[in-house]
Amino acid sequence: MELINFNKEVVLLFVGGLISLITSVVLIIVQKLLNNHGKINIFYKFTYLNDDISCGLNIDKNSGRKALMIPISFEFQNTSNSNKVIRDINLLLCNGNKIISEMKQAEYSTQTQENTLMKNEYGTYNNSYSFCITPLSIIKEKCLYIFKIDSNKNGIDFDNIKLRYYDEHNKEKIFLLKMIDKSRFQNSFKVDGKWNLVE
């Protein structure tokens with residue numbers, strides 16, 4: 001009889017431990033799902049580079065060549081309870097779905113105000129175009145993209161601008177930002193008065 005009672009206690013201890021283990025695993029999974037609930041929203045505006053340079057084709061002061069300059073302000077909104085990563089956010093110049101070129105991510109631009117040389121920096125504090133957005137937060141960043149135009153070409157050979165970045169799983173994300181009528185392009189883009197959602 002004592003042996004039977006001992007075996008029952010062992011079985012009960014085993015079952016109790018198994019139930020505790022399953023409960024712990026379920027709680028961890030549920031917590032992880034809750035933390036990942038939500039998403040990253042990206043808002044953007046095409047803006048002016050400064051008072052005398054618009055968003056579009058301009059003369060690069062360093063090389064003297066014509067260059068496409070696109071300054072963009074981003075707002076990254078993280079509605080989840082976990083960190084989200086936006087890595088290597090860049091603009092792609094495309095003709096249809098064909099990528100013509102990747103734009104260069106500029107670290108800074110310069111301008112002269114009242115005989116003083118001003119330096120405007122872009123990206124994060126170390127001029128990176130990769131961002132980590134903490135849970136339930138929103139951050140704003142200024143970015144500048146440049147593409148030098150071949151002086152022998154007339155007009156442009158792309159008809160849309162796409163946004164590309166990689167997430168925290170290193171998965172590539174590509175979204176259409178702007179369609180361009182090549183035949184009617186007048187060297188500049190209209191700046192945005194309100195935020196646009198990347199979708």
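Look a little higher up for the structure.
Residues numbered from 1 in each chain as written. Predicted model: local features only at pLDDT ≥ 70, side-chain atom pairs only at ≥ 80, totals over all residues. Heavy atoms only, no water.

1. Some remarks on a nonpolar patch on the surface
Operational definition: Think of a patch as exposed residues, more than 30% relative accessible area, with no salt bridge, where like charges cluster within 9 Å and nonpolar side chains (Val, Leu, Ile, Met, Phe, Trp, Tyr) cluster within 5 Å. Accessible surface is estimated by sampling points in the Shrake-Rupley manner with a 1.4 Å probe; for residues, cover comes only from the protein chains shown. Salt bridge, as applied in this entry: a Lys or Arg side-chain nitrogen positioned within 4 Å of an Asp or Glu carboxyl oxygen. We count a stretch as a helix when DSSP gives it H or I for four or more residues in a row; a strand needs E for two or more, and each element gets its number in order from the N terminus.
A cluster of nonpolar side chains, namely Leu-18, Leu-21, Ile-22 and Val-25, defines an oily patch on the protein surface of about 350 Å² accessible area. Along the chain, Val-25 falls in helix α1 (residues 2-36).

2. Let's talk about the pattern of salt bridges
Counting across every chain of the model gives two salt bridges. Its salt-bridge partner being Glu-168, residue Lys-84 comes within 3.4 Å of it at the nearest N-O pair. Placement of Lys-84 in strand β4 (residues 84-95) and of Glu-168 in the loop between β11 (160-166) and β12 (172-179) is noted, with a sequence separation of 84 residues between them. We note a salt bridge from Glu-102 to Arg-164, for which the minimum N-O separation is 3.2 Å.

3. Re the nonpolar core
Note on soluble globular proteins: their nonpolar side chains tend to be buried together. Operational definition: Take the buried Ala, Val, Leu, Ile, Met, Phe, Trp, Tyr and Cys residues and link them wherever side-chain atoms come within 4.5 Å; each set so joined is a nonpolar core. The cut-offs for exposure are 20% and 50% of the maximum accessible area for each residue type, with area from a 1.4 Å probe on protein chains only; residues under the lower value are buried, those over the upper are exposed, and the others partly exposed. We call two residues in contact whenever any of their non-hydrogen atoms come within 4.5 Å of each other.
In terms of nonpolar packing, the biggest core is built from 38 residues, with Ile-70, Phe-74, Phe-76, Ile-86, Ile-89 and Leu-91 touching the most fellow members. At the level of secondary structure, the elements contributing two or more residues to this core comprise β1 (40-46), β3 (66-78), β4, β9 (131-133), β10 (137-148) and β11. Examining the composition of this core, we find that seven residues originate from one element, β3, more than from any other. Sequence-distant contacts of Ile-89, defined by excluding residues within four places in its chain, comprise Phe-74, Phe-76, Gln-105, Tyr-129, Phe-131, Tyr-145, Leu-163, Arg-164 and Tyr-165.

4. Description of the packing of aromatic side chains
Cut-off, in case you're wondering: What counts as a ring pair is set by centres within 6.5 Å for rings of Phe, Tyr and Trp (its six-membered ring), and what kind of pair is set by the plane angle: stacked under 30 degrees, edge-to-face over 60, tilted for all other angles.
Tallied over the full model, the rule gives five aromatic pairs. When the ring of Phe-74 is compared with that of Phe-76, the centres are 5.6 Å apart and the planes differ by 20°; the resulting orientation is stacked. As far as burial versus exposure is concerned, Phe-74 and Phe-76 are alike and both buried. Judged by centre distance (5.5 Å) and plane angle (70°), the rings of Tyr-129 and Tyr-145 are edge-to-face. One end of the pair, Tyr-129, is in the loop between β8 (116-121) and β9; the other, Tyr-145, is in strand β10, with 16 residues separating them in the sequence. Each member of the pair, Tyr-129 together with Tyr-145, is buried. Here a set of aromatic residues connected by ring pairs shows up, and it is made of Phe-74, Phe-76 and Phe-131.

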